[in-house]
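What the coordinates show
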Amino acid sequence: MKVFPKDFTWGVATSAHQIEGAHTADGKGPSTWDAYCQIPGKINNGDTSAIACDHYNRYAEDIKLISDLGVTAYRFSICWSRILPDGKGVINQAGIDFYNRLIDGLIAKGVTPYVTLYHWDLPLALQMENDGWLSETTVQAFARYAEICFQAFGDRVKHWMTFNENWCTAVLGHGTGVFAPGRVSQTEPYLVGHNLLLAHAYAVKKFRTGSYQGVIGIANNCDFREPLSNSPEDIAAAQESLEFFYGWLTDPVVFGHYPAIMRERLGTRLPEFTAEESELLKGSADFLGLNHYTTHYASRQAPAQNAVAPGDGNGGMSEDQHLYLSSDPAWPVTSMGWFVVPWGFRKMLNWIHQRYNGLPIYVTENGTAITANGVDEAIDDQERAYFVSEYTQALKQAVTEDGVNVQGYFAWTLMDNFEWCQGYNMRFGLIYCDFDSLKRTPKTSYYAYQSIINESRNSTQ
Ligand code: NOJ
């Protein structure tokens, strides 16, 4: 029987803004998402992230839940404006102290911290004074912030990710405008993507030229694209779509340049790297993160049926791709409207492995949302247990049968939390969180994932 390698990492993930709450505590500065939540109509039901899961105060209880789950790794993000309230000035020691308590608590329980430096909560001052990711000032501010984190935590944190899902910051934040900072443009997503990549490169330079040990990578997201037919046009449409989605923000950190198809389609809308920047970017990821949630069919011509609305998760700016997406009516659909297609996950991992020549991959997020009325309905989450079982099975096939170099898997997410524009309605957690009492209750899927991990450990060679 083929089994996962002995040192395969099983983990669970969260992000600061979605769970911490305590949005003004101990000197924390405001972030773009704190401000965005105040704008009427932006967040479902008028929810705000001010309290969220109150993890800032309840982190000890959460560490116990993480450890009891049986994972050996926990991926979380640092809130930049806790460390530097205005993004670039004075350091807030209380913010550093909080993450020290968290990191020490995890290590004491045998859980390895995997730290993301940026999961979308930009210090508001950098947005208001410097136009956020449209500006070079933010690029340099990020590199300094990253170095402060390496200095403060690098003695214990050996696994770093610079950015989470840059595609969302670029496209949803600056293209369609549904995420903070809510800008709508055909050009800005590419400028923002460019600056995020440069910020990654400068941060990695600080990491590698400092005396830090460990590895640093980036967590990009991608849905898989299966050609709708065997026609060369549909095969090309699917391939190009993956290049516009994952390749856009990953090719530069591996090869030092954007995919050729993007340069061809976008012309001057796609900024260029100088020779020096390109050199700095090339090889700047020790591993590639993948946040993966769904799959679509891709075709050059409009499909006869089951078309998915353009702009709905097309990856890159949909208008730039000459692409149509569709689905199979047999695919189960999650509360987010995302299709459950485990074989697409396996193919996605193979695509990354081949394109990036076997560079180590971590699945930095994978999970599903289920809305529910009340705790009893929510904890009986058979669909999520099924999802975790099917997706980890597909992962196992990719690793053991296809030879894809995946080193770890992080389930999204530890507990129900603030799901951005969807507020608290979309529950992604393995643990139920009651947002009034803040009580945590493990769901069926928590125990299902625990069994998968145990089984994998017991059967490793
Ligand atoms: C990816 C994001 O990184 C995370 O913050 C979000 O909650 C999940 N996808 C689910 O939408």
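All figures in this text were calculated on a predicted structure; none of them were measured in a lab.

**Quick word on the pattern of salt bridges**
Enumeration according to the criterion identifies 24 salt bridges in this entry. In this structure, Asp131 engages Arg183 in a salt bridge whose closest nitrogen and oxygen atoms are separated by 3.7 Å. Of this pair, Asp131 sits in the loop between helix 6 (124–130) and helix 7 (136–153) while Arg183 sits in the loop between helix 8 (166–174) and helix 9 (188–209); the two residues are 52 residues apart in sequence, bridging distant segments of the chain. Here the salt bridges do not stand alone but share partners, grouping Asp104, Asp155 and Arg156 into one network.

**Some points on the site of the ligand**
Not every one of the 13 residues close to the ligand is listed here, only the nearest: Gln18, His119, Asn164, Glu365 and Glu419. The side chain of Asn164 places a nitrogen or oxygen atom 2.9 Å from an oxygen atom of the ligand. Taking Tyr293, its side chain carries an N or O atom lying 3.5 Å from a nitrogen atom of the ligand. Across the complex, the protein chains shield 96% of the 290 Å² of accessible surface that the ligand would expose by itself. Its residues assigned to classes, the shell around the ligand shows six nonpolar, four polar and three charged.

**Comments concerning helix 10 (residues 232–255)**
Between its first and last C-alpha atoms helix 10 spans 26 Å; for 24 residues at 1.5 Å apiece the expected length is 34 Å, and the helix comes up short by more than 12%. The buried count for helix 10 comes to 18 of 24 residues, which makes it a mostly enclosed element. Immediately downstream of helix 10, the backbone of Gly256 shows phi near 90°, a positive value.

**Some remarks on the sheet that holds strand 7 (residues 287–291)**
Taking strand neighbours around the barrel as the criterion, the eight strands line up as 1-2-3-4-5-7-11-12 in a closed arrangement whose pairing is parallel. On average, each strand axis in the sheet is inclined to that of its neighbour by 25°, with strand direction left out of account. Where strand 7 lies against strand 11 (residues 361–365), four bridges are found, and the strand directions are parallel. Pairing of Leu290 across the sheet is with Val363, part of strand 11. Most of the contacts of helix 8 go to strand 5 (residues 215–221), to which it runs at about 40°, and overall it touches strand 3 (112–118), strand 4 (159–164) and strand 5. In the packing of helix 16 (residues 444–459) onto the sheet, the strands contacted are strand 1 (9–13) and strand 12 (406–412), and the crossing angle to strand 1 comes to about 160°.

Parameters at a glance
Residues numbered from 1 in each chain as written. Predicted model: local features only at pLDDT ≥ 70, side-chain atom pairs only at ≥ 80, totals over all residues. Heavy atoms only, no water. Salt bridge = Lys/Arg side-chain N within 4 Å of Asp/Glu carboxyl O. Helix = DSSP H or I, 4+ residues; strand = E, 2+ residues; numbered from the N terminus. Near = heavy atom within 4 Å. Polar contact = N/O pair within 3.5 Å; in protein donor to acceptor, adjacent residues only side chain to side chain. Areas by Shrake-Rupley, 256 points an atom, 1.4 Å probe, with all protein chains shown as cover. Nonpolar A, V, L, I, M, F, W, Y, C, P; charged D, E, K, R; others polar. Expected span 1.5 Å × (residues − 1). Buried < 20%, exposed > 50% of the residue type's maximum accessible area, 1.4 Å probe, protein only. Pairing = 2+ DSSP bridges. Axes fitted to C-alpha atoms, helices over the stretch in contact; angles between N-to-C directions. Contact = heavy atoms within 4.5 Å.

The values are spatial; any link to function lies outside them.
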